[in-house]
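Working through the structure, step by step
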Amino acid sequence: MKVPKGSKCSIFCLFLLILPLLSLGQSAQGFRVSNKPLKQVLNDLEKQFPVYFSFNPNELKTKRVSADGSNNDLESILSEVLAETDLVFEKIKGKFYVIKTPEAKFIHLSILDEENNAPLPYATIRLQGTLLGQVADDAGDIKLVLPKPKDAVLEISFLGFQTHSIPVSNINDNEAFQVALKPSPLGLTDFEVKEYINVGIGSDPKANSFRVLPQEMEILPGLSERDVLLSAQIISGLTSNDESASGINIRGSAPDNTLLYWNNVPVYHTAHYFGNVSSFIPSSTGALDIYKNYIPVRYGGASAGLISISSRNEIDGKTNAEASLNMTHADVYAKVPFKKDFGSIMVAFRRSYNDVIPTYTFNSYSTKLFGSETDDGLGIFQVTEDENDFENDLSFTDINVKWDYQPNDRSLFSASLVNNRSSFKYSEEEEEEDINIRQQHDVKSFGANLGWSYRLKDDFSITSSLSYSQYSMAYRFNNLRNFIILGDDDEVNRSNDLNNLEFRLSNHWRSSENSVLEFGYQMNRFDVKNRIDASDFFEEDELTDIRSTGFVHALFADYNYRPSDKLEAVFSGRLTNVGTLGESFFSPQIKLNFNPIKALVFKSSFGIYHQYLSTIQESEFTLSNAVEQHWLLSDVNSDEEEISTVPIIINRQLTLGLLYNLDSWLIDLDFYIKDIDGILATNQRFGFENDEAFEPGFELLNGFDLTIRKRWKHFRSWFSYNFQDSRVELPEIIDGSFASSFNIRHQFRLSATYNVKNWEFSIGYIFKTGLPITNKNNLIVVDSDDNVVPLNTPGAFDEDEEYDIIFSTPNDARAPDYHRVDFSIWHKFGEQSKKVKGEIGLSIINLLDRRNIFNSTYSLDFDRDENLAILERTKFFLGFTPNVSLRLWF
């Protein structure tokens, strides 16, 4: 039908006239309900009117209401439906209404840091004298209704701040009331020093522990993202001798002397690409607890320290998602509620992409791992500098999953899963130098945990944990010397498989206001296989096949007694039975802490620690600068020719120190001495083989750690210094003592950060004395009759002989001193956006591109003139290494 000209305007005008009448007709119908639950009625009103209601669900539980339709405006409707109840409504601000009892009071608190007015997310509010409480949101805000506000007092607390009490009568109605908390130098709560280094790195001096909170952590030098293991190394006394994420040496001990857990799952593969990229996804990590002065008695099997990682999976009813990208990998993170406010599920996934797109950062890591200079005794004749001299292909994936369910305030169930895979291939060819090398390395790591905790009474709780860990490593190395004669080639095949089923039951009893007792049981069932099949042109072939299977049972107890606010004494003990050895070991511990004034704590600890799962560490059969680790269980292994024992490592450790924290200054000082038995000769990296490799030795280690930090409003600076002296004895092999291969005698770090608005800047300088090395002049080569063989000499080589390198004076020299400057910038954007927020980071490791020498290794081969020689291979640390990261929150 054709509409007459001008009729379109008439129809539109008529519509405008009718619309108000239609609306009036709708409104005239009013709001009508009959015997309907009040909560559902309020939900219906939120849909019909642009408003929000706040209420106590318990007060609405049994209430049903009706409305006859005579009212059509919101407040009249509310008056009608609430008339049948003992509740009233109150308009707070704009579109926000509160449903409450007449005597109840609505409160809106905004909790801030007194020093910088920054919000304190997830601060805790409790009603004094009760167990009732609530947690603020991520902006430090909290809205609640107090049913009985008369004489009520609220206690507001936050990690590292002084608890603040405020009478409810002092809080204004219908307005956000700001509560500024003061930083707490020391108190009696855990992690009393909120800002040990910077925000997000705390310390509990009485527990001799540290906590890193990656999601709250401020910038650190050299980090473009919040890598958990690299962040841990900012703590004085924790360092990585090989400049990696995973190779953490706590006070001069080997990396395997430190136990690492992820959500109570023991982890044996902690980083990819030979330790350079942490295997823990930064976005999924909630906290990192570090123990270097002592090891909590409920954990067994470590002799130097403990690192415990927990996932980020808050039960808060919220959905979060994140995505991150840097120059080696990309990852995604998501958290969703489970059964509304009763639980939460977290999933994170990461994948490297350098197998498809090599980046400058990846190439820099490759050069560190495979770059070297080789001296054949006649001078440097082979230089491997960068990716043009070799080919390598790397890929890795990580999956982290965590489920938490809290059906009530007494129970908590959890389930965790971690899965890591890493695959690596390397090749190097040089026709002129007759080099044809192939290397392949595959690692699979899987772990799962089921946890349950239950609070029987306010002073007694039970925690149980069942974990399973699986680790599998396969390695193959070939040096094809001759394409025709196969016997001239070098070939090494290695595999290491570890399965660990672990159960722990722990009971926590607060017997009085001044004492706490923790006691429990731990069981481990290990199955460890280690195979080495090596064929070398110059040396005797080696075949090692070790398998150990058995149970480890332990009982433990920890008694904490505080006779006063100033004195604390902790007495602990652990009785461990190692089934593979048929022996039991008792591990006593004691801690004494004295707090004479609020800002000062004197701390001390002594403990004997037994480690039954350790590694043999090899650097001779790999081209990389990293050290291969092969896990072994303490056991007696026998074959037709010999009996070798993998010993228990025993560390007797004493620590004395103090921590002073007042206003913006912090000083932390620890002196320590460690007497260690059971170290293996092969781990000193002198090429010991067969029976000599498993000869046990002793180590005496002493030193001190010092940290000084100064804080201003936007600027922070800290200085740390470590002194360490360690001597090793291998009485069955070498006369006298020598410097430990892990000993860095002096190390200091100077760092500074500056924060302004959404920008964070950081720069740091690190100095270390070089690692011990053996002077090449102290090496000799002997034949099968122990005759010294002249090197670089025509006619000295006999193809029917077998040769060995003898270290006459090991570790008699040191590599050159180490210097490195790192720099980082982080910038946050989209802070006001409700949809997407982000952070971009830039880091540069070794800003000045200094060439730092890692170490030198020695092997038998031919020199450039085809004469027998000792080849000295010098390896280097990272050069100039930039990285860029992008992180988005949805």
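This structure is a prediction, so every number in the text was calculated from the model and none was measured.

**As for the sheet that holds strand S5 (residues 96-100)**
Taken in spatial order, the 3 strands make up an open sheet running S2-S5-S4, and their pairing is mixed. Edge positions in the open sheet fall to strand S2 (52-55) and strand S4 (88-93), since each of these has one partner strand only. Across the sheet, the mean angle separating the axes of adjacent strands is 30° when strand polarity is ignored. As paired strands, S4 and S5 are joined by 5 bridges and run antiparallel to one another. Residue pairing across strands places Lys93 opposite Phe96, the latter belonging to S5. Its contacts with the sheet put helix H2 (residues 38-48) on S2 and S5, and the angle it makes with S2 is roughly 155°.

**Notes on the sheet that holds strand S9 (residues 141-146)**
Across the sheet, which stays open at both edges, the 3 strands sit in the order S9-S6-S12 with mixed pairing between neighbours. Whereas interior strands pair on both sides, the edge strands pair on one side only; in this sheet they are S9 and strand S12 (176-181). Here the strands of the sheet are splayed against their neighbours by 30° on average, with no regard to which way each runs. Examined bridge by bridge, strand S6 (residues 105-113) and S12 share 6 bridges and lie parallel to one another. By the bridge assignment for S12, Leu109 is matched with Phe177.

**Digging into the environment of Lys710**
Tracing the backbone through its elements, the reader meets Lys710 in strand S44 (residues 696-711). For Lys710 and Ala752, which are 42 residues apart along the polypeptide, the C-alpha to C-alpha distance reads 9.6 Å. Ignoring sequence-local partners within four residues, the contact set of Lys710 consists of Ser664, Trp665, Phe715, Arg716 and Ser717. Within the structure, the side chain of Lys710 is placed 2.6 Å from the side chain of Ser664, a separation counted as a polar contact.

**Considerations on the side chain of Ser324**
Tracing the chain through its elements places Ser324 in strand S23 (residues 320-325). The exposure class of Ser324 is buried, given its relative accessible area of 12%. Setting aside residues no more than four positions away along its own chain, Ser324 makes contact with Ala330, Asp331, Leu886 and Arg887.

Conventions adopted
- Residues numbered from 1 in each chain as written.
- Predicted model: local features only at pLDDT ≥ 70, side-chain atom pairs only at ≥ 80, totals over all residues.
- Heavy atoms only, no water.
- Pairing = 2+ DSSP bridges.
- Helix = DSSP H or I, 4+ residues; strand = E, 2+ residues; numbered from the N terminus.
- Axes fitted to C-alpha atoms, helices over the stretch in contact; angles between N-to-C directions.
- Contact = heavy atoms within 4.5 Å.
- Polar contact = N/O pair within 3.5 Å; in protein donor to acceptor, adjacent residues only side chain to side chain.
- Buried < 20%, exposed > 50% of the residue type's maximum accessible area, 1.4 Å probe, protein only.

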